[in-house]
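Read off the chains here:
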Amino acid sequence: YDIGKRMLSYDESLRILKETNALLEGHFILSSGLHSKLYIQCAKLLSYPKKAEAICSSLCEKIVKIFDKIDIVLSPALGGLIAGYEIARQLKSEAIFAERMHGKLVLRRGFKIKENSNVLIVEDVITTGKSALECSSIVKTNNANLVGYACIIDRSSENISIKDKIVSQLQFNLETFSEDKLPEDLKKIQPIKPGSRNLSK
């Protein structure tokens with residue numbers, strides 16, 4: 001990995017998210033049913049490879065400062081797949097992903113984690129940390145070393161299930177409101193329900 005590529009400031013990263021419509025402002029109903037003034041759809045950033053490369057390059061700068069050797073980048077499909085691939089490409093590591101089978105994240109397609117290898121778990125966005133934690137149990141089952149977690153956007157709250165450090169390019173404390181506690185400015189805006197989980201399968 002060539003250190004010193006380019007560290008982006010928070011504002012530069014934020015500008016890229018807005019330019020690519022990965023960060024939208026308005027009135028949104030999240031997949032949890034709560035309302036928010038912000039909506040993050042990281043896939044929109046990843047649809048612009050050069051801009052995603054710049055964000056991931058900046059994230060790699062942080063990763064190499066904190067973690068030593070990384071042999072494998074493991075991501076949960078589908079969300080973490082592209083981010084994981086790009087981070088692995090820049091770190092010159094192997095990129096693999098876990099996918100859901102019968103509701104459980106598993107390794108398929110002949111992917112293997114060698115014993116004692118150093119594994120970094122990469123997501124596009126970490127919210128509850130549930131998928132990332134499921135990936136960590138795959139690492140432990142294979143007797144490999146979990147070096148840590150990284151994501152483009154960390155929007156977890158203090159009740160996140162991951163207790164280890166999460167390295168992120170951007171951190172958001174996403175303020176959410178229940179239907180009966182909407183602030184006045186949100187009440188004036190017609191809500192949009194953008195969540196991918198509500199799309200018909």
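Above this note sits the structure.
Focus: the overall build of the chain
Along the chain, the regular secondary structure elements total 6 helices and 9 strands. Over its C-alpha atoms the chain spans a radius of gyration of 17 Å, differing by no more than 12% from the 17 Å that the globule rule assigns to 201 residues. Oriented by its inertia axes, the alpha-carbon framework of the chain measures out at about 55 × 40 × 30 Å. The proportion of buried residues among the 201 residues of the chain is 45%. Considering only contacts within the chain whose residues lie at least 6 apart along the sequence, 67% involve residues at least 24 apart. A distance of 4 Å separates the average location of the 30 positive side-chain charges in the chain from that of its 24 negative side-chain charges.

What to know about the environment of Lys-37
By the secondary structure assignment, Lys-37 is in strand S2 (residues 35-40). Considering only alpha carbons, one finds Lys-37 and Glu-184, 147 residues apart in sequence, at a separation of 12 Å. In this structure, Lys-37 is in contact with Leu-24, Glu-25, Gly-26, Phe-28, Glu-175, Phe-177, Pro-183, Asp-185 and Leu-186, ignoring residues within four places of it in sequence. Only 3.0 Å separates the side chain of Lys-37 from the side chain of Asp-185, close enough to count as a polar contact.

Thoughts on the sheet that holds S2
The antiparallel open sheet is built from 3 strands, whose spatial order is S1-S2-S9. The sheet is open, and its two borders are formed by strand S1 (23-29) and strand S9 (176-177), each paired with just one other strand. The pairing of S1 with S2 spans 5 bridges and is antiparallel. For Leu-23, the partnering residue across the bridge sits in S2 and is Ile-40.

Concerning the pattern of salt bridges
With the rule as written, the count across this model stands at 13 salt bridges. For Glu-53, the salt bridge goes to Arg-89, with nearest N and O atoms at 3.2 Å. Within this pair, whereas Glu-53 is found in helix H3 (residues 49-66), its partner Arg-89 is found in helix H4 (residues 81-91), the two being separated by 36 residues in sequence. For Glu-53, a relative accessible area of 22% translates into the label partly exposed.

Looking at helix H1 (residues 10-19)
An α-helical turn contains 3.6 residues, so a residue and the one three or four places further along point in the same direction. Burial in H1 covers these residues: Ser-13, Leu-14, Ile-16 and Leu-17. Down the axis of H1, the smallest arc covering the buried residues is 160°, so these residues share one side.

So, the sheet that holds strand S5 (residues 104-107)
Backbone hydrogen bonds are what pair the strands of a sheet, in a parallel or an antiparallel way. Spatially, 6 strands are ordered S5-S4-S3-S6-S7-S8 in an open sheet, and the strand pairing comes out mixed. Two strands lie at the open edges of the sheet, namely S5 and strand S8 (166-171), each paired on one side alone. For this sheet the average axis-to-axis angle between neighbouring strands, irrespective of direction, equals 25°. Relative to strand S7 (residues 145-154), strand S6 (residues 118-126) is paired through 8 bridges, and the arrangement is parallel. Bridge assignment links Val-125 to a residue of S7, and that residue is Ile-153. Helix H5 (residues 130-141) contacts strand S3 (72-76), strand S4 (94-101), S5, S6 and S7 of the sheet and is inclined by roughly 165° relative to S6.

What counts and how
Residues numbered from 1 in each chain as written. Predicted model: local features only at pLDDT ≥ 70, side-chain atom pairs only at ≥ 80, totals over all residues. Heavy atoms only, no water. Helix = DSSP H or I, 4+ residues; strand = E, 2+ residues; numbered from the N terminus. Rg over C-alpha atoms; globule rule 2.2 N^0.38 Å. Buried < 20%, exposed > 50% of the residue type's maximum accessible area, 1.4 Å probe, protein only. Contact = heavy atoms within 4.5 Å. Lys, Arg positive; Asp, Glu negative; His and termini not counted. Charge placed at Lys NZ, Arg CZ, Asp CG, Glu CD. Polar contact = N/O pair within 3.5 Å; in protein donor to acceptor, adjacent residues only side chain to side chain. Pairing = 2+ DSSP bridges. Salt bridge = Lys/Arg side-chain N within 4 Å of Asp/Glu carboxyl O. Arc of directions from axis to C-beta. Axes fitted to C-alpha atoms, helices over the stretch in contact; angles between N-to-C directions.

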